[in-house]
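# Observations on the model geometry
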Amino acid sequence: MKRSLLLHADLSQVIAALGHGDMVVIGDAGLPIPDGPRRIDLALTPGIPRVADVLRIVLSEMQVERALLAREALDRCAHGTLPPWCDGMLPVAPETVSHAQLKRLSARARAVVRTGECTPYANIVLCAGVTF
């Protein structure tokens, strides 16, 4: 049996069912969630949980092949750095897309996870890889 850090049954179930190329979006409290993907609302209060906290736990359970960030998130950072909420955590170099593209991708995701984060553009799309 596997012991998981995931404290939310829906999130654990989604990660267990991911296939190669499936996407999971982790978003801030302001990211619109389209109809279609499973909605997992973890927001307790403004700022809790943070995107970084959810990302760290999801990355401990999910094999990630690609990660996509909005260009606008990088524009808010010092040149050449990742946003502080993901810096040093990603197992792959993130690709950038526009915020509008990121929102469109979220409609095709298996799940969108809403956090309590209130930082603009604190959103990431994770694409599942394989473990071999």
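Residues numbered from 1 in each chain as written. Predicted model: local features only at pLDDT ≥ 70, side-chain atom pairs only at ≥ 80, totals over all residues. Heavy atoms only, no water.

A few words now on the environment of Pro 34. On the secondary structure map, Pro 34 appears in the loop between strand S1 (23-27) and strand S2 (38-41). Through-space distance from the C-alpha of Pro 34 to that of Lys 103 is 8.3 Å; in sequence the pair is 69 residues apart. (Helix = DSSP H or I, 4+ residues; strand = E, 2+ residues; numbered from the N terminus.)

Excluding glycine, residues mostly have negative phi values, and the peptide bonds linking residues are mostly trans. At the junction of Ile 48 and Pro 49, the peptide bond is cis and its omega measures out at -10° in the coordinates. By the secondary structure assignment, Pro 49 is in the loop between S2 and helix H2 (51-61). Here the phi dihedral of Tyr 121 falls at roughly 65°; this positive angle occurs in a residue that is not glycine. You can see Tyr 121 is positioned in the loop between strand S5 (111-114) and strand S6 (124-128).

Turning our eyes to something else, we now look at the pairing of S5. When S1 meets S5, the two strands line up parallel, connected through 4 bridges. Each bridged residue has a counterpart across the sheet, and for Val 25 the counterpart in S5 is Val 112. Looking at chain direction, S2 and S5 are connected through 4 bridges and run parallel. For Arg 38, the partnering residue across the bridge sits in S5 and is Ala 111. (Pairing = 2+ DSSP bridges.)

Moving on, we come to helix H1 (residues 9-17). For an α-helix the count is 3.6 residues per turn, leaving residues at separations of three or four pointing the same way. For H1, the complete set of buried residues consists of Leu 11, Val 14 and Ile 15. The arc that holds the buried residues of H1, viewed along the axis, is 95°, so those residues lie on one side. Along H1, the residues that are exposed and aim more than 90 degrees away from the buried face are Ala 9 and Ala 16. Here the buried face of H1 lies against S1, S2, H2 and S5. (Buried < 20%, exposed > 50% of the residue type's maximum accessible area, 1.4 Å probe, protein only. Arc of directions from axis to C-beta. Contact = heavy atoms within 4.5 Å.)

Let's shift gears to the nonpolar core. It is characteristic of soluble globular proteins that their nonpolar side chains tend to be buried jointly. If you look at the biggest cluster of nonpolar residues, it comprises 28 residues, and the most contacted ones within it are Ile 26, Leu 55, Met 62, Ile 124 and Leu 126. For this core, the element with the highest residue contribution is H2, accounting for 6 residues. Setting aside chain neighbours within four positions, we find Met 62 in contact with Ile 15, Leu 18, Val 24, Leu 126, Cys 127 and Ala 128. Formed by 13 residues, the second largest nonpolar core is a distinct cluster that contains Met 23, Ala 70, Val 97 and Val 112. (Core = buried A, V, L, I, M, F, W, Y, C linked by side-chain atoms within 4.5 Å.)

What follows concerns the sheet that holds S1. Judged by pairing direction, the sheet is mixed, and its 6 strands sit side by side in the order S2-S5-S1-S6-S3-S4 without closing on themselves. Every other strand in the sheet has two partners, leaving S2 and strand S4 (95-97) as the edge strands with one partner each. On average, each strand axis in the sheet is inclined to that of its neighbour by 25°, with strand direction left out of account. Sitting on the sheet, helix H4 (residues 99-106) is in contact with S1, strand S3 (64-70), S4, S5 and S6, with an inclination near 135° to S3. (Axes fitted to C-alpha atoms, helices over the stretch in contact; angles between N-to-C directions.)

Moving on: the environment of Leu 102. Position of Leu 102 among the secondary structure elements: in helix H4. Sequence separation between Leu 102 and Leu 68 is 34 residues, and the spatial gap between their C-alpha atoms is 7.7 Å. Contact partners of Leu 102, with chain neighbours within four places excluded, come to Leu 31, Leu 68, Leu 69, Ala 70, Val 97, Asn 123 and Val 125.

Scanning the entire structure with this criterion turns up 7 salt bridges. Between Asp 10 and Arg 38 there is a salt bridge, with its nearest N and O atoms 3.1 Å apart. Here Arg 38 lies in strand S2 and Asp 10 lies in helix H1, a separation of 28 residues in the sequence. Residue classification places Arg 38 among the partly exposed residues on the basis of a relative accessible area of 32%. In this structure, Asp 53 and Arg 56 form a salt bridge, with 3.5 Å as the shortest nitrogen-oxygen distance. Of the two residues, Asp 53 and Arg 56 are both situated in helix H2; the distance of 3 residues between them amounts to about one turn of the helix. Salt bridges here are not isolated pairs; linked through shared partners, they connect Arg 50, Asp 53 and Arg 56. (Salt bridge = Lys/Arg side-chain N within 4 Å of Asp/Glu carboxyl O.)

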